[in-house]
Amino acid sequence: MTTTFAVSEEKNRWLREKMAELGVTEGDLEESFVRSSGAGGQHVNKTSSCVQIRHRPTGIEVKCMKDRSQSVNRFLARRELLERIERLQKGEAPRDARAEKLKKQKARRKRRASGKYEKE
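No experiment lies behind these values; they were computed from the predicted model shown.

What counts as what
- Residues numbered from 1 in each chain as written.
- Predicted model: local features only at pLDDT ≥ 70, side-chain atom pairs only at ≥ 80, totals over all residues.
- Heavy atoms only, no water.
- Helix = DSSP H or I, 4+ residues; strand = E, 2+ residues; numbered from the N terminus.
- Expected span 1.5 Å × (residues − 1).
- Polar contact = N/O pair within 3.5 Å; in protein donor to acceptor, adjacent residues only side chain to side chain.
- Buried < 20%, exposed > 50% of the residue type's maximum accessible area, 1.4 Å probe, protein only.
- Arc of directions from axis to C-beta.
- Contact = heavy atoms within 4.5 Å.
- Disulfide = S-S within 2.5 Å.
- Core = buried A, V, L, I, M, F, W, Y, C linked by side-chain atoms within 4.5 Å.
- Pairing = 2+ DSSP bridges.
- Axes fitted to C-alpha atoms, helices over the stretch in contact; angles between N-to-C directions.
- Salt bridge = Lys/Arg side-chain N within 4 Å of Asp/Glu carboxyl O.

S.K.: I'd like a rundown of helix H3 (residues 70-90), residues and numbers included.
M.R.: Its 21 residues place the ends of H3 30 Å apart at the C-alpha level, agreeing with the 30 Å of an ideal helix rising 1.5 Å per residue. Its side-chain oxygen at 3.3 Å from the backbone nitrogen of Ser71, Ser69 defines the N-terminal cap of H3. One or two residues past the end of H3 sits Gly91, with phi positive at roughly 85 degrees.

This is the structure we're talking about:
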């Protein structure tokens, strides 16, 4: 049985092909759903739209809560998981998520500060 998500058929097809290419099956994945956090109000508080996926053979874990839709988050989580598995297979160093987050925060602060003190 193939799982389809609330994204275009082209994206569903790409996901199936990528999983086959990397040798990842749905049976290798351990999936759980939790409530998201952040903006979204009552919808977020009542539904479990945040998706956590763990790839058993490698132990890689991904958590996704970018969208209000659980189905879209399931797709996005699988896409991120496949990217990480691919990097692992190619022997590339995994990206340091914390370093990237700090880099983005610093860039955001810099943009805000530059707009704040402009002379008119």
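From this point, things continue past the structure.
S.K.: Report on helix H1 (residues 9-22), specifying residues and quantitative values.
M.R.: The first and last C-alpha atoms of H1 sit 20 Å apart over 14 residues, in line with the 20 Å expected at 1.5 Å per residue. For H1, the complete set of buried residues consists of Asn12, Leu15, Lys18, Met19 and Leu22. Within H1, the buried residues cover an arc of 130 degrees as seen down the axis, which keeps them to one side. Relative to its buried face, H1 has exposed residues pointing more than 90 degrees away, namely Glu10, Ala20 and Glu21. Buried positions along H1 lie against strand S1 (29-34) and H3.

S.K.: For the state of the cysteines, give the residues involved together with the corresponding values.
M.R.: Per the stated rule, a full pass over the model turns up 0 disulfides. Cysteine Cys50 shares no disulfide, and the gap to the nearest cysteine sulfur, in Cys64, comes to 7.3 Å. Given the relative accessible area of 5%, Cys64 is considered buried.

S.K.: Requested: an account of the nonpolar core, with residues and values cited.
M.R.: Within the largest apolar cluster, 18 residues are counted, with the highest numbers of intra-cluster contacts made by Val24 and Leu81. Among the secondary structure elements, those contributing two or more residues to this core are H1, strand S2 (50-55), strand S3 (60-64) and H3. The contact partners of Leu81, leaving out residues within four places of it in the chain, are Leu29, Ile53, His55, Ile60 and Val62.

S.K.: Could you give me a rundown of the sheet that holds S2, with the residues and numbers involved?
M.R.: Strand order in the open sheet formed by 3 strands is S1-S2-S3, and the pairing between neighbours is antiparallel. Strand pairing shows two members of the sheet lacking a second neighbour, S1 and S3, which therefore form its edges. For this sheet, the mean angle separating the axes of adjacent strands, direction not counted, is 15 degrees. Where S1 lies against S2, 6 bridges are found, and the strand directions are antiparallel. Each residue of the ladder has a partner; that of Glu30, found in S2, is Arg54. Along the sheet face, H3 touches S1, S2 and S3 and points at about 150 degrees away from the line of S3.

S.K.: Any chance you could break down the pattern of salt bridges for me, citing the residues and the numbers?
M.R.: Enumeration according to the criterion identifies 10 salt bridges in this entry. A salt bridge links Arg78 to Glu31, with the nearest nitrogen and oxygen atoms 2.8 Å apart. One end of the pair, Arg78, is in helix H3; the other, Glu31, is in strand S1, and 47 residues separate them in sequence. Among the charged side chains, a network of salt bridges with common partners joins Lys18, Glu21, Glu86 and Lys90.

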